[in-house]
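Structure at a glance
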Amino acid sequence: MSETILVTGAAGQLGQRVIHHLIESYKVAPANIVAATRSPEKLATLAAQGVITRKADFDDAAGLEAAFAGVDRLLIISTDALDTPGKRLTQHKAAVAAAVKAKVKHITYTSMPSPDNSLVTFAPDHLGTENAIKESGIPYAIVRDAWYHDNYLHGMPHNLQTGKWFTSAGDGKISTISRDDCALAIASVLAAGTNGTYTLTGKQSLTSKEIASIVTEATGKPLEVVPVSDEQLGQGIRGAGLPGFVADMLVSADANIRAGKFDIVTDDFAKLTGKQPQSLKDYFVANKAALTA
């Protein structure tokens, strides 16, 4: 394969794992990979492996066009600009426009499940970006990553310390998948130049109580699920010192679970990789130290 693959957000957790799997799992030559980020000095380890590194700032449209020059396949990893409404979509649209100008041959984008039917605060960013890519005329793959197993490592250690998990998700179910599995599937799409829309999920959907029992089984620590309203949950998150936009996002995610909109299970991961995704239980067992820290 001689196509040049560029990964944006290459210094981030997902970008690093995508590049790892391009090289290790799909045997793409490092010289055919361009790792791009706002701060290329963070990519010294990749550069030492022979990966090309470039500066790509999503707030600098002209710079993006230069960064994408000579690239065949582009991965746009959604940015983390969630603090200002509309900013992330503007950034993504700038990247798509730059891809058109740079004559990129294929775009892959990391989205979320059912962005057109979601209560999650950032869903419009994903839907708007998907539409911009479709309107660009460039062949594409949309990879819709479900909620990461990894996200539980943020709040769950505190929940286990107190023995209580406050949630407004009710009896709603969610199917989650590890970030690394998403990276493996995305790398497979990039290596093959696959087209289409794929939703990456785990093999089962679980309620909060089922997740709590899995956490208890993995750690040996009891965890009681405490149902609260969206308002109570938001107040609690703000009271813990997290910014308002983070509180709103987490509350909207619980509301989306409660409404059944995250209860999605597909076999797209297996279709793309030929493997089965890591279960939430196996993920919790592997990360027991982080959960009980």
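Above this text is the structure in question.
Residues numbered from 1 in each chain as written. Predicted model: local features only at pLDDT ≥ 70, side-chain atom pairs only at ≥ 80, totals over all residues. Heavy atoms only, no water.

Topic: the overall build of the chain
- Each helix and strand counted, the chain has 13 helices and 9 strands in total.
- Scaling as 2.2 N^0.38, a compact globule of 293 residues should have a C-alpha radius of gyration of about 19 Å, and the chain matches this with 19 Å.
- Here the C-alpha coordinates of the chain stretch approximately 55 × 35 × 35 Å along the principal axes.
- Within the span of the chain, comprising 293 residues, buried residues form 51% of the whole.
- Contacts in the chain between residues at least 24 apart in sequence constitute 76% of all its contacts with a sequence separation of at least 6.
- In the form shown here, the chain has an accessible surface area of approximately 12,800 Å², with 51% of it arising from carbon and sulfur atoms.
- One way to put it: in the chain the 28 positive side-chain charges average out to a point 3 Å from where the 30 negative ones average out. (Helix = DSSP H or I, 4+ residues; strand = E, 2+ residues; numbered from the N terminus. Rg over C-alpha atoms; globule rule 2.2 N^0.38 Å. Buried < 20%, exposed > 50% of the residue type's maximum accessible area, 1.4 Å probe, protein only. Contact = heavy atoms within 4.5 Å. Areas by Shrake-Rupley, 256 points an atom, 1.4 Å probe, with all protein chains shown as cover. Lys, Arg positive; Asp, Glu negative; His and termini not counted. Charge placed at Lys NZ, Arg CZ, Asp CG, Glu CD.)

Let's talk about the packing of aromatic side chains
- Inspection of the entire model under this criterion finds 4 aromatic pairs.
- Ring centres 6.0 Å apart and planes at 50° place the aromatic pair Trp147 and Phe262 in the tilted group. Placement of Trp147 in the loop between strand E6 (140–145) and helix H6 (152–162) and of Phe262 in the loop between helix H10 (244–258) and helix H11 (268–273) is noted, with a sequence separation of 115 residues between them.
- Taken together, the ring pairs in this structure connect Tyr152, Trp165, Tyr283 and Phe284 into an aromatic cluster. (Phe/Tyr/Trp six-rings, centres within 6.5 Å; stacked < 30°, edge-to-face > 60°.)

Concerning the pairing of strand E4 (residues 73–76)
- Neither face of E4 is exposed, since Arg73 and Leu75 on one face and Leu74 and Ile76 on the opposite face are all buried.
- Across 3 bridges, the pairing between strand E1 (residues 5–7) and E4 is parallel. Along E4, the bridge assignment pairs Val7 with Leu75.
- Of the pairings in the sheet, the one linking E4 to strand E5 (residues 106–111) comprises 4 bridges and is parallel in character. For Ile76, the partnering residue across the bridge sits in E5 and is Tyr109.
- Between the parallel elements E4 and E5, the chain passes through helix H4 (residues 87–101) in a crossover that is right-handed. (Pairing = 2+ DSSP bridges. Right-handed = clockwise from strand over helix to strand, strands pointing away.)

Structural notes on helix H8 (residues 208–219)
- Counted at 1.5 Å a residue, the expected span for H8 with its 12 residues is 16 Å, and the 16 Å between its end C-alpha atoms agrees.
- As for H8, its buried residues are in contact with H6, strand E7 (164–167), strand E9 (224–227), helix H12 (280–286) and helix H13 (288–291).
- Where H8 terminates, the next one or two residues include Gly220, which has phi positive at roughly 80°. (Expected span 1.5 Å × (residues − 1).)

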